[in-house]
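Listed here are the chains, written in short residue letters.
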Amino acid sequence: SGLANDKGDVLYIYYGRIQEDQKRVSRLLAMPKKELILYGSLGVNSDVLINKGYKYCGTVEDLDVVLESNKGKYLIALLCSDHEGLPLSIFELLARNIPVISTCSSPGIEWLSRNVSGLKLIPFDFKYEDIVRAQKEINRETNFRDEILKLSQMWKKEWINIFNDK
């Protein structure tokens, strides 16, 4: 049985390009098969997960389809890239109130993780226990979309101040 909380059973999803080089999808082998579903396009060495029995639901362009097909589950997204700028998928997931656990480390991601309670960073060489610990730290009562909107309003004010100074 998967992890559970007051919002139902926890189901982890991977949402993105399924490939080994940058995305390091083999790190997801730490996850029990029944707790992880894969969504995304197949890339180089994607068979590292597909052929191991993990549930693969194909390429899904619309995250709402993911939500609809997993009603009654509490979804948490896992990202395990070795490098990223600031992935758009993080904003897409948080805007739909899906928390994100990520190994990605960039100044933008680190800043965002300090300001949004639904984004938790785990070590680059994570183990399953690191994911469980991060999942327990996520504030499930928070609306991550509201947090993102507040941050965007703050950024807008900063940009207005920058342009008004000139």
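Residue positions within a chain follow its written sequence, with the count starting from 1. Predicted model: local features are reported for residues with pLDDT of at least 70 only, side-chain atom pairs are reported and counted for 80 or more only, and whole-chain, interface and lining totals are derived from all residues. Values shown for side chains rest on all heavy atoms present in the structure; no hydrogens or waters enter the calculation.

What to know about the overall build of the protein
Phase 1 of the analysis: Numbering goes from the N terminus for both helices and strands, where a helix is a DSSP run of H or I of at least four residues and a strand is a run of E of at least two. Within the protein, the secondary structure is distributed over six helices and seven strands.
Phase 2 of the analysis: For accessible areas, the Shrake-Rupley method is used with a probe of radius 1.4 Å. Any residue's cover is judged against the shown protein chains and nothing else. Working note: accessible area of the protein is about 8900 Å², and carbon and sulfur atoms make up 51% of it.

Focus: the pairing of strand S3 (residues 36–39)
Phase 1 of the analysis: Each residue gets one of three labels from its accessible area relative to the maximum for its type: buried under 20%, exposed over 50%, partly exposed in between, using a 1.4 Å probe on protein chains only. The two faces of S3 match: Leu36 and Leu38 on one face and Ile37 and Tyr39 on the other face are all buried.
Phase 2 of the analysis: Only strands joined by at least two bridges in the DSSP assignment are considered to pair. Both S3 and strand S4 (residues 55–56) contribute to a ladder of two bridges, which runs parallel. Along S4, the bridge assignment pairs Leu38 with Tyr56.

Quick notes on the environment of Leu94
Phase 1 of the analysis: Here Leu94 shows up in helix H3 (residues 88–95).
Phase 2 of the analysis: In this structure Leu94 comes out as buried when scored by relative accessible area, which is 0%.
Phase 3 of the analysis: Any two residues whose heavy atoms approach within 4.5 Å at even a single point are treated as in contact. Apart from the residues within four sequence positions on either side, Leu94 is in contact with Pro99, Val100, Val116, Gly118, Leu119, Phe144, Arg145 and Ile148.

Section: unusual backbone geometry
Phase 1 of the analysis: Of note in this structure, Asn97 is not a glycine but carries a positive phi near 65 degrees.
Phase 2 of the analysis: Assignment of secondary structure puts Asn97 in the loop between H3 and strand S6 (100–102).
Phase 3 of the analysis: Residue class for Asn97 comes out partly exposed when judged on its relative accessible area of 29%.

Re helix H4 (residues 107–115)
Phase 1 of the analysis: Buried residues of H4: Ile109, Leu112 and Ser113, and no others. Viewed along the axis of H4, the buried residues span an arc of 100 degrees, placing them on a single side of the element. Projecting away from the buried face of H4 at angles above 90 degrees are the exposed residues Pro107 and Arg114. Here, the arc refers to the directions that run from the helix axis to the C-beta atoms.

A short note on the pattern of salt bridges
Phase 1 of the analysis: By salt bridge we mean one thing: a side-chain nitrogen of Lys or Arg within 4 Å of a carboxyl oxygen of Asp or Glu. All chains considered together, the criterion is met by three salt bridges.
Phase 2 of the analysis: With its nearest N and O atoms 2.9 Å apart, the salt bridge here joins Arg133 to Asp130. Taken as a pair, Arg133 and Asp130 lie in helix H5 (residues 128–137) at a separation of three residues, close to a single helical turn.
Phase 3 of the analysis: Under the relative-accessibility criterion, Arg133 is labelled partly exposed at 46%.
Phase 4 of the analysis: Residue Asp130 is classed as buried on the basis of its relative accessible area, which comes to 15%.

Examining the packing of aromatic side chains
Phase 1 of the analysis: Paired rings are identified among Phe, Tyr and Trp, the last through its six-membered ring, by centres lying within 6.5 Å, and are further divided according to the angle between planes into stacked (under 30 degrees), edge-to-face (over 60) and tilted (the rest). Under the counting rule described, the total for this entry stands at zero aromatic pairs.
Phase 2 of the analysis: Only lysine NZ and arginine CZ atoms are considered, and such an atom sits over a ring when it is within 6 Å of the ring centre and within 35 degrees of the ring normal. The residue whose ring lies beneath Arg27 is Phe126, and the NZ or CZ to ring-centre distance is 4.8 Å.
Phase 3 of the analysis: Looking at Lys33, its charged tip hangs above the ring of Tyr54, at a distance of 5.8 Å from the centre.

What about the pairing of strand S5 (residues 74–79)?
Phase 1 of the analysis: The buried fraction of S5 is high, at six of six residues.
Phase 2 of the analysis: The two faces of S5 match: Tyr74, Ile76 and Leu78 on one face and Leu75, Ala77 and Leu79 on the other face are all buried.

Some details on the side chain of Asn70
Phase 1 of the analysis: With respect to the helices and strands, the residue Asn70 is situated in the loop between helix H2 (63–69) and S5.
Phase 2 of the analysis: Of note is the side chain of Asn70, whose polar atom sits 3.4 Å from the side chain of Ser69.
Phase 3 of the analysis: Ignoring any residue separated from it by four or fewer positions in sequence, one finds Asn70 in contact with Leu11, Ile37, Tyr39 and Leu75. The term polar contact refers here to a pair of N or O atoms within 3.5 Å; inside protein, the definition further demands a hydrogen-donor-capable atom paired with an acceptor-capable atom, and it admits residues adjacent in sequence only when both atoms are side-chain atoms.

Some details on the confidence of the model for the protein
When pLDDT is low, close inspection of the predicted coordinates is not appropriate.
Phase 1 of the analysis: Chain-level pLDDT for the protein is 80 on average; 87% of the residues reach the 70-or-more range.
Phase 2 of the analysis: Ranking the elements of the protein by mean pLDDT puts strand S1 (residues 4–5) last, at 47, and strand S7 (residues 119–121) first, at 92.
Phase 3 of the analysis: The pLDDT value expresses, per residue, how confident the predictor is, ranging between 0 and 100. Here residues 1–5 is a poorly scored stretch, pLDDT under 50, and it has 17 contacts once near neighbours within four places are set aside; other chains count.

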